Amino acid sequence: MTRIYFLLGGNIGNREELLSEAVRKMTNLIGEFVQASSLYETEPWGFTHEQNFLNQVIAFDSDLSALEILDRTQAIEKELGRVRKTTQYCERTIDIDILFYGDELIENERLSIPHPRIQERSFALYPLEELIPNFVHPVLKKSIKMLKEECTDKLKVNIFN
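Student: Where do I start with the overall build of the protein in this structure?
Tutor: Helix and strand counts for the protein stand at 4 helices and 8 strands. Ordered by position from the N terminus, the helices and strands of the protein form the series β-α-β-β-β-α-β-β-β-α-α-β. Here the protein holds 161 residues, and 49% of them are scored as buried. Counted over contacts in the protein with a minimum sequence separation of 6, partners at least 24 positions apart contribute 69%. When the accessible surface of the protein is summed, it comes to about 8200 Å², and 48% of that surface belongs to carbon and sulfur atoms.

Student: It is not clear to me how a nonpolar patch on the surface should be interpreted in this structure. Could you clarify?
Tutor: A surface patch of nonpolar side chains, amounting to about 260 Å² of accessible area, comprises Leu105, Val139 and Leu140. Residue class for Val139 comes out partly exposed when judged on its relative accessible area of 49%.

Student: Before we go on, may I ask you to explain the environment of Ile132 in this structure?
Tutor: Mapped onto the secondary structure, Ile132 falls in the loop between helix H3 (122–131) and helix H4 (144–150). Among the residues examined, Ile132 registers a relative accessible area of 11% and is labelled buried. Sequence-wise, Ile132 and Ser37 are 95 residues apart; in three dimensions their C-alpha atoms are separated by 9.8 Å. Apart from the residues lying within four places of it in its own chain, the contact partners of Ile132 are Tyr5 and Ile144.

Student: Explanation requested: the packing of aromatic side chains in the structure shown.
Tutor: For any pair of aromatic rings, geometry is given as the distance between the ring centres together with the angle between the planes. Going through the model one piece at a time under the given rule, you end up with 5 aromatic pairs. Seen from their ring centres, Tyr40 and Tyr126 are 6.5 Å apart, and the 65° between their planes marks the pair as edge-to-face. A residue pair is termed long-range when its members are at least 10 positions apart, and Tyr40 in strand E3 (residues 40–42) and Tyr126 in helix H3 qualify at 86 residues. Linked through ring pairs, Tyr5, Phe100 and Phe135 together constitute an aromatic cluster. Against the face of Tyr126 rests Lys148, its NZ or CZ located 4.4 Å from the ring centre.

Student: Quick question: what am I supposed to make of the environment of Leu7 here?
Tutor: With respect to the helices and strands, Leu7 occurs in strand E1 (residues 2–10). On the accessibility criterion, Leu7 (4% relative accessible area) is buried. For the pair Leu7 and Phe100, spaced 93 residues apart in sequence, the C-alpha separation works out to 9.6 Å. With residues up to four places along the chain from it excluded, the contact list for Leu7 reads Asn55, Gln56, Val57, Asp95, Ile96, Asp97, Leu99, Phe123, Ala124 and Pro127.

Student: Sorry, what's going on with unusual backbone geometry here?
Tutor: Working note: non-glycine residues mostly have negative phi, and peptide bonds are mostly trans. Cis geometry is found at the peptide bond from Ile113 to Pro114, where omega equals 0°. Among the secondary structure elements, Pro114 is positioned in the loop between strand E7 (112–113) and H3.

What counts as what
Here the residue index of a chain counts from 1 through its sequence in written order. Side-chain atom pairs in this predicted model are given and counted only at pLDDT of 80 or more, local residue features only at pLDDT of at least 70, and totals for whole chains, interfaces and linings cover all residues. To get the side-chain values, take all heavy atoms of the structure and skip hydrogens and water. Counting from the N terminus, the helices are DSSP H or I runs at least four residues long and the strands are E runs at least two residues long. The classification of residues rests on relative accessible area computed with a 1.4 Å probe and restricted to protein chains. Under 20% of the type maximum is buried, over 50% is exposed, and intermediate values are partly exposed. By the convention used here, residues are in contact when the closest approach between their heavy atoms is within 4.5 Å. Per-residue and other accessible areas were derived by the Shrake-Rupley procedure at a 1.4 Å probe size, with only the shown protein chains allowed to occlude residues. Within the patch definition used here, like charges are joined within 9 Å and nonpolar side chains (Val, Leu, Ile, Met, Phe, Trp, Tyr) within 5 Å, considering only residues with over 30% relative accessible area and no salt bridge. A side-chain nitrogen of Lys or Arg and a carboxyl oxygen of Asp or Glu constitute a salt bridge if their distance falls within 4 Å. Centres within 6.5 Å make a pair out of two Phe, Tyr or Trp rings, where for Trp the six-membered ring is used; the pair is then stacked when the planes are under 30 degrees apart, edge-to-face when over 60, and tilted otherwise. Geometrically, a lysine NZ or arginine CZ counts as sitting over a ring once it is within 6 Å of the ring centre and also within 35 degrees of the ring normal.

Shown next as structure tokens:
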């Protein structure tokens, strides 16, 4: 079994319900649910939109390969109304990113793990720090806590009530 950390996010529709539904579907298709961070409300990163995002980091244990997980999470995104656009940064019902797959390094035409921009994004680092503050990024060789402290992204990230 491998411990996988995912970042969930969305800013269209019933954000809370879509994140919950993604977790339910992942529990059926990915493996054993381990834990979830709090929900965080965050400003859009890389574009402007009137609706903020809800983000959450979740952890699963799974026997599936990283590419099998990617296929399944993309199918879940589609089921939940995700429409992929030509622009990378845009509004969406749901986004499921694989942040870490154990401490493995994976690089191919479909997938980069660890996610290549974790250290640039407060909306990923805040919930990650809540769950695994001392986890050392296998490429950057710094803890999540240290990456969060060094992050230059100053967009607002607040616990969602």
